[in-house]
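# Residue-level structure breakdown
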Amino acid sequence: MDLIAQGYGSSSDSEDSSSRKPAKVAKIASTSLQVNGAPDVSLEDPSYARHIYTNPTDTTISVNLNYDSMLQPIQGPVNPFASKTQEVRRNVWTGHVEENMFSEHDFRTQQQSYAAFGFAKDPSILSIADNGQSGSGKKGSGFVGDIDKAKEMDGATIWDKVPKHLRNNQNQKKRQTRGDPSVLEGENAYRGPWATFEGDGIGELSGPTEEERDVHDKQREAAAEEKQARNKATPAKAVANGSETTVFHGKEEHDYLGRTYMHVPLDLDVNLNGEPGTQTCFVPKKLLHTYTGHTKGVSAIRYFPKSAHLLLSGSMDTKIKIWDVYHDRRVLRTYMGHSKAVRDVNFNNKGTEFLSASYDRNIKLWDTETGQCKATFSKKTIPFVVKFNPDEDKQNVFLAGCSDHKVYQFDVRSGDVTQEYDQHLGAVNTITFVDENRRFVTTSDDKSLRVWEFDIPVIIKYIAEPDMHSMPSVAISPNQKWLACQSMDNKIYVYNAKDRVSQNRKKLFAGHMVAGYACQPSFSPDGRYLSSGDSEGNMWIWDYKSCKVHKKFKAHDEVVIDSAWHPHETSLLATASWDSNIKLWV
């Protein structure tokens, strides 16, 4: 502005301009001002300003992108540490999948060509072969598989004619000629449409050669010798009669009043002399105690009759133990006399004696209080189940179901077999007395259920269906009306135990896995619940009225083979397992 002011004068000075000397005009610098009237223009593509840039790894976008924005190339610095698999743009979890248009006919052609010749065309459309076709294949050949053979066959498919020396039927058998119709026998005999292929041996004697027979005979002799040596390697050490022993584990066998552990305790909140089933039962919720004393799996457990203040257990370690249910909850006495695993144990009505059945083919009668073995019974067969007759006037008689398909009736006083029931076709697994002990029900490996009249070896009811499985364990309800039979198809079926023994189709308990194991079911004292173990160590409890699973809990590490409810407690449940433990749940 100073330069302008110096170059131009004001109008007020025009009057005396003649009297004044003209002012010196300052010279403007050589750098003149340049004015550019053109607008600013960006050198970038204006279409870029309309794009929204996204991250290729984004899975969620909050705006709608147009087609061009989604197909923009990936730009930015390259990760030098990324692997080749990370560089692939994945559209599935395992990598990148291309969607190609491929007809069903072309696919089957290439598939069968690959199976026949070992090569096929590359169906990819994202790569180009050396000859310009889509699909680069191996080394730009356009084929996958055996590219050398593909070049030799000029990419032929199964529909193309292939030279004979390249076909896959070079080793195909040649068919015999039809022969001369005028010749009946000989090399050129007429065969007609029945001509066979060379080498088939039609009409020749078939069977093993002499060498094959010799090899088979040697293998059979070696197997027989191995079996004989294996049987001799582990002989059973039989226990002689009269050599049975017992061990009392307490301090004194008698208290200050001269009573043994057989005496029913009276210092408890529960009336052990009362009537079983009068109390309302509930499902056990927690573990009360664990009995550890057996070294192998426990096979069976039985409560002391009526009072249930003692618990008897038979184990695979050949020993029998009796435990205290109350007070110290420890082992009281051990009975030793068997040379093999104990299969079953059973008390008489008073609990003064009990029977034990073992795999050493012996049945022993024990005195519960003293541990003395009173008698030994044997029929040279394995007894699977033993049962005293529940009648008071027949406490000298017991039944034994054995592996020779028979049920033997023994008299304890004489030791003789007084009756045999021999209608089963398999090993007898269970014996259950029903109908006021006038009859008994047996189940067997022959997948049948049979009802017998006691002391009469004639079947009065036979139940066997084509869809039935073996039922190796049976429990009777507290009201003596129903039989719960554990079946090998992982179900528990219920049968009527009264006059007419038949299946109750409305009662079926399922959900557990017991196939292959004789898991013993058990009723609660009031009949509201039915329980059973399974092969995975779980305990299942069903509501008997609705047949629904009421509770399932993990009880043991191995199969729960037996369970028993206490007759006087509301929720005391004993479980026995092949993990050698016995547990009380309350």
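Keep in mind the model is a prediction, meaning the values are calculated, not measured.

### Regarding the packing of aromatic side chains
Applying the stated rule across the entire model yields 27 aromatic pairs. For the pair Phe377 and Phe398, a centre-to-centre distance of 5.2 Å together with 65 degrees between the ring planes defines the contact as edge-to-face. Here the residue Phe377 occupies a position in strand S12 (residues 373-377), and Phe398 occupies one in strand S14 (residues 397-402), the gap between them amounting to 21 residues. Exposure class is identical for Phe377 and Phe398. Each is buried. On the basis of an interplanar angle of 20 degrees and a centroid distance of 6.1 Å, the ring pair of Trp540 and Trp542 is categorised as stacked. Trp542 shares its class with Trp540; the two are buried. An aromatic cluster is present here, built from Phe304, Tyr335, Phe347, Phe354 and Trp366 joined pairwise through their rings. Geometry around Tyr544 places Lys507 over its ring, the cationic atom sitting 4.6 Å from the centre.

### Observations regarding the UniProt feature "repeat: WD" (unreviewed entry) in the protein chain
As recorded in UniProt, the sites labelled "repeat: WD" (unreviewed entry) are residues 291-333, 335-376, 421-455, 522-546 and 553-586. The span residues 421-455 carries 0% helix and 54% strand; its end-to-end C-alpha distance comes to 9 Å. With 0% helix and 53% strand, the stretch residues 553-586 has end C-alpha atoms that lie 13 Å from each other.

### Quick notes on the environment of Ser299
Along the chain, Ser299 falls in strand S5 (residues 298-303). Residue Ser299 is classed as buried on the basis of its relative accessible area of 16%. Residues Ser299 and Ile561 lie 262 residues apart in sequence; the distance between their C-alpha atoms is 6.7 Å. With near-sequence residues (within four places) excluded, Ser299 lies in contact with Gly314, Ser315, Met316, Val342, Arg343, Ile561 and Asp562. Of note is the side chain of Ser299, whose polar atom sits 2.9 Å from the backbone oxygen of Val342.

### Topic: the sheet that holds strand S17 (residues 428-434)
Read across the sheet, four strands follow the order S17-S18-S19-S20 without closing on themselves; strand pairing throughout is antiparallel. Two strands close off the open sheet at either side, each with one partner strand: S17 and strand S20 (456-463). Going across the sheet, the axis of each strand differs from the next one's by a mean of 30 degrees, ignoring polarity. Sheet analysis places strand S18 (residues 439-444) next to strand S19 (residues 449-453), joined by five bridges and oriented antiparallel. Within the sheet, the bridge partner assigned to Phe440 lies in S19 and is Trp452.

### Topic: the environment of Gly145
Take Gly145: it is sitting in strand S2 (residues 143-145). As a C-alpha pair, Gly145 and Lys121 span 24 residues in sequence and 8.9 Å in three-dimensional space. Apart from the residues within four sequence positions on either side, Gly145 is in contact with Tyr114, Gly118, Phe119 and Lys138.

Thresholds, definitions, all that
Residues numbered from 1 in each chain as written. Predicted model: local features only at pLDDT ≥ 70, side-chain atom pairs only at ≥ 80, totals over all residues. Heavy atoms only, no water. Phe/Tyr/Trp six-rings, centres within 6.5 Å; stacked < 30°, edge-to-face > 60°. Helix = DSSP H or I, 4+ residues; strand = E, 2+ residues; numbered from the N terminus. Buried < 20%, exposed > 50% of the residue type's maximum accessible area, 1.4 Å probe, protein only. Lys NZ or Arg CZ within 6 Å of the ring centre and 35° of its normal. UniProt positions renumbered as here; feature names shortened; annotations may be inferred. Contact = heavy atoms within 4.5 Å. Polar contact = N/O pair within 3.5 Å; in protein donor to acceptor, adjacent residues only side chain to side chain. Pairing = 2+ DSSP bridges. Axes fitted to C-alpha atoms, helices over the stretch in contact; angles between N-to-C directions.

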